[in-house]
Amino acid sequence: MTELVSSKAADASTGPPPSLEQLADVVQPPPVPWTPQTVGWEVLAVVLAVLLLWLLWRAVRRYWRNRYRRDALAELRQLQATFDRDPGAGASVLVALPVLIKRCALSAWPREQVASLSGPRWAQFIEAHAGHAVHGAHALAPLVREMSYHGPESLARVSVHDVDVLLVAARQWIEGHASA
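Residues numbered from 1 in each chain as written. Predicted model: local features only at pLDDT ≥ 70, side-chain atom pairs only at ≥ 80, totals over all residues. Heavy atoms only, no water.

Asker: Please set out the layout of surface pockets residue by residue, giving values where relevant.
Answerer: When its volume is computed, the largest pocket comes out at roughly 210 Å³. Taken together, 13 residues line the largest pocket, and the ones lying closest to its centre are P142, L143, L155, V158 and L166. Broken down by secondary-structure element, the contributors of at least two residues to the lining of the largest pocket are α7 (134-146), α8 (152-156) and α9 (160-176). Among the elements that line the lining of the largest pocket, the one with the most residues is α7, at four residues. Tallied by class, the residues present in the lining of the largest pocket amount to nine nonpolar, two polar and two charged. (1 Å grid on protein atoms, 1.4 Å probe; cavity = no way out; pocket = protein on both sides within 12 Å on 5 of 7 lines; lining within 4 Å. Points joined across faces, edges and corners; volume = space filled by probe spheres on them. Helix = DSSP H or I, 4+ residues; strand = E, 2+ residues; numbered from the N terminus. Nonpolar A, V, L, I, M, F, W, Y, C, P; charged D, E, K, R; others polar.)

Structure, rendered in structure tokens:
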């Protein structure tokens, strides 16, 4: 033990202590890069970018493809507002409703398939293409099937509640029908 103490004393006594100018800075390692180091991360980034672009393209395409639905719903809101202001306007709403449904169908399906339909065949078409709006189609089918056989006088006798039900059914069909 005395040898150890004497060797330390000998080392310390051999020269003056180092000054601050003689000390070297602590060498720090380079910072860890945030960029991925392997090709797998770059491939994953490219795949995710392509997937994101594809989803964006589908969303934009769906938005433009469903423009006719938004227009039909806007017109349906105007009919609803007219009926809400004047419940006596039920006959005019009932006359305009099948026309709106037909125009909506003409926008979604080929004209050759839809334009000539009327009466029971038109009602069958509405029910067959209801998508997830089955209840709306069942309520609309009698209206479009028998509309051409009723005049404004008989339509004026339709109750306010029935007109409301038909407006809700039309909204359901426009929003939920399965287009071509």
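Asker: Provide a residue-level description of a nonpolar patch on the surface, including the pertinent values.
Answerer: Taken together, the side chains of W41, L44, L48, L51, W54, L55 and W57 make up a nonpolar region of the molecular surface, amounting to roughly 750 Å² of accessible area. In this structure, W57 sits in helix α2 (residues 39-65). (Patch = residues over 30% accessible without salt bridge, like charges linked within 9 Å, V, L, I, M, F, W, Y side chains within 5 Å. Areas by Shrake-Rupley, 256 points an atom, 1.4 Å probe, with all protein chains shown as cover. Salt bridge = Lys/Arg side-chain N within 4 Å of Asp/Glu carboxyl O.)

Asker: Requested: an account of the side chain of H177, with residues and values cited.
Answerer: In this fold, H177 is placed in the segment after α9. Of the residues examined, H177 reaches a relative accessible area of 3% and is grouped as buried. Reaching out from H177, the side chain makes a polar contact with the side chain of Y68 at a distance of 2.8 Å. Once you skip the residues sitting within four places of it in the chain, H177 turns out to touch Y68, R69, C104, A108, W109, H129, A130, G131 and Q172. (Buried < 20%, exposed > 50% of the residue type's maximum accessible area, 1.4 Å probe, protein only. Polar contact = N/O pair within 3.5 Å; in protein donor to acceptor, adjacent residues only side chain to side chain. Contact = heavy atoms within 4.5 Å.)

Asker: Kindly report on the pattern of salt bridges, identifying the contributing residues and their values.
Answerer: Inspection of the entire model under this criterion finds two salt bridges. R67 is the salt-bridge partner of D71, the closest N and O atoms lying 4.0 Å from each other. Here R67 and D71 lie together in helix α3 (residues 67-85), a separation of four residues that amounts to about one turn. The class for D71 is partly exposed, based on a relative accessible area of 45%.

Asker: An account of the side chain of R69 is requested, with residue identities and associated values reported.
Answerer: Residue position: R69 is located in helix α3. E175 provides the closest opposite charge to the buried, salt-bridge-free R69, at an N-O distance of 8.2 Å. Apart from the residues within four sequence positions on either side, R69 is in contact with I174, E175, G176, H177 and S179. (Lys, Arg positive; Asp, Glu negative; His and termini not counted.)

Asker: If you had to explain α9 to someone new, which residues and values would you point to?
Answerer: With 17 residues, α9 ought to run about 24 Å at 1.5 Å a step, and its terminal C-alpha atoms sit 24 Å apart, in line with that. Packing partners of the buried residues in α9 comprise α3, α4 (90-108), α6 (119-128) and α7. (Expected span 1.5 Å × (residues − 1).)

Asker: Mind laying out the packing of α4 against α9, listing which residues take part and the relevant values?
Answerer: Pairs of packed helices are described in terms of their axes, by the angle between the two and the distance that separates them. Packing of α4 against α9 brings their axes to within 11 Å, and their N-to-C directions diverge by 10 degrees. Here α4 lies roughly parallel to α9, going by the angle between them. Residues G90, V93, L94, L97, L100, I101, C104 and A105 of α4 pack against V163, L166, L167, A170, W173 and I174 of α9. Of the residues assigned to the contact of α4 with α9, the class counts are 13 nonpolar, one polar and no charged. (Axes fitted to C-alpha atoms, helices over the stretch in contact; angles between N-to-C directions. Parallel < 35°, antiparallel > 145°, perpendicular 65-115°, else oblique.)

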